[in-house]
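Below are the chains, spelled out letter by letter.
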Amino acid sequence: MEVKLWNDKREREMYENFAELYAIIKATEKLEKAYVRDIISSSEYETECQKLIAHFKTLAFTLKDTVPSIERFADTYKMDCPAAINRLVTSGVPATIEHRAAAAASATTSAAIVAECVQNFITAMDSLKLNMVAVDQVYPLLSDLSASLNKLGILPPDFEGKTKMKEWILRLSKMGAADELTEQQARQLHFDLESSYNSFMAALPNAGT
């Protein structure tokens, strides 16, 4: 006899999101241990960690009403993942960036701001993939991204990401909070975000090394 965990589509999506959250926490715990044991390089760790943190933030925002406490979620499902909880909930940035930021706090290029920009880019793109297309969902994400880009001194005023985010924020400000982007608008916004993200990574000093 087949046993269903859900009664409707909403419940199904909730349980699927629970499973994804569980997987992200477990993956982060494994990644932290691999980094501490020198099983992976710092660059590999940082890239994967930034992705996990960004995906976690998007999912945590989606589940904020059903999972108000990530620590309680971990306890409920008997997850012994202290390193993951610290990285995802407490710190919010990879250990490598924490170390660089501490070592060069006065540097013009702040590693913490770079990490913030990367996370804001990925969070915005992931949100569109999750069909979060209402103005009151998209606007705060683009505002956060624009603010983080403006804090980074190495980017010129006419940097592609800055100008495109300003254009989208202006466009959204003329719409109602409950209005939604059309499929074409959402697709164009995702394209602009991806293009701006690639330009951002290329603009960083020693990118790719």
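Structure's up top.
Here is what the cut-offs are and how they apply
Residues numbered from 1 in each chain as written. Predicted model: local features only at pLDDT ≥ 70, side-chain atom pairs only at ≥ 80, totals over all residues. Heavy atoms only, no water. Helix = DSSP H or I, 4+ residues; strand = E, 2+ residues; numbered from the N terminus. Axes fitted to C-alpha atoms, helices over the stretch in contact; angles between N-to-C directions. Parallel < 35°, antiparallel > 145°, perpendicular 65-115°, else oblique. Left-handed = near helix turned anticlockwise from the far one by under 90°. Contact = heavy atoms within 4.5 Å. Nonpolar A, V, L, I, M, F, W, Y, C, P; charged D, E, K, R; others polar. Buried < 20%, exposed > 50% of the residue type's maximum accessible area, 1.4 Å probe, protein only. Polar contact = N/O pair within 3.5 Å; in protein donor to acceptor, adjacent residues only side chain to side chain. 1 Å grid on protein atoms, 1.4 Å probe; cavity = no way out; pocket = protein on both sides within 12 Å on 5 of 7 lines; lining within 4 Å. Points joined across faces, edges and corners; volume = space filled by probe spheres on them. Phe/Tyr/Trp six-rings, centres within 6.5 Å; stacked < 30°, edge-to-face > 60°. Lys NZ or Arg CZ within 6 Å of the ring centre and 35° of its normal.

One non-glycine residue, Asp38, adopts positive backbone phi at about 60 degrees. Here Asp38 shows up in the loop between α1 (9-36) and α2 (42-62).

Packed helices, taken two at a time, are described by the angle their axes make and the gap between the axes. Here helix α7 (residues 135-151) crosses helix α8 (residues 160-173) at 150 degrees, and the two axes come no closer than 10 Å. In terms of orientation, α7 lies roughly antiparallel with respect to α8. Note on packing geometry: the crossing formed by α7 with α8 is left-handed. Between α7 and α8, the residues in contact are Val135, Val138, Tyr139, Leu142, Ser143, Leu145, Ser146, Leu149 and Asn150 and Gly161, Lys162, Met165, Trp168, Ile169, Leu172 and Ser173, respectively. Looking at the contact of α7 with α8 residue by residue, the classes come out as 10 nonpolar, 5 polar and 1 charged.

Before going further, it helps to examine the side chain of Glu29. With respect to the helices, strands and loops of the structure, Glu29 is situated in helix α1. We classify Glu29 as buried; its relative accessible area is 6%. Within the local environment of Glu29, its side chain forms a polar contact with the backbone nitrogen of Ala83, the two atoms lying 3.1 Å apart. Not counting residues within four places of it along the chain, the set of residues in contact with Glu29 comprises Asp80, Cys81, Pro82, Ala83 and Ala84.

In this structure, Glu160 sits in helix α8. The exposure class assigned to Glu160 is partly exposed, which follows from its relative accessible area of 22%. Each residue touching Glu160, except ones within four places of it in the same chain, is listed here: Ser195, Ser196 and Ser199. Side chain to side chain, Glu160 and Lys164 meet in a polar contact 2.8 Å long.

This next bit is on the environment of Glu13. Secondary-structure assignment places Glu13 in helix α1. A relative accessible area of 40% places Glu13 in the partly exposed class. As for Glu13 and Thr90, which are separated by 77 residues in sequence, their C-alpha atoms are 27 Å apart.

Looking now at the layout of surface pockets. Here the second largest pocket defines a volume of roughly 620 Å³. In this structure, the second largest pocket is lined by 16 residues; those nearest its centre are Glu13, Asn17, Thr62, Leu130 and Met132. Breaking the lining of the second largest pocket down by element, the ones donating at least two residues are α1 and α2. For the lining of the second largest pocket, the element with the most residues is α1, which contributes 6 residues.

The next subject is the packing of aromatic side chains. One pass over the full model with this rule turns up 6 aromatic pairs. For the ring pair Phe73 and Tyr77, a centre distance of 4.8 Å and an interplane angle of 50 degrees mean the geometry is tilted. Note on Phe73: relative accessible area 5%, which makes it buried. Judged by relative accessible area, which is 39%, Tyr77 ranks as partly exposed. Pairwise contacts between aromatic rings join Tyr15, Phe18, Phe73 and Tyr77 into one cluster. Geometry around Phe61 places Lys64 over its ring, the cationic atom sitting 4.4 Å from the centre.

By themselves, these are just geometric observations and shouldn't be taken as functional.
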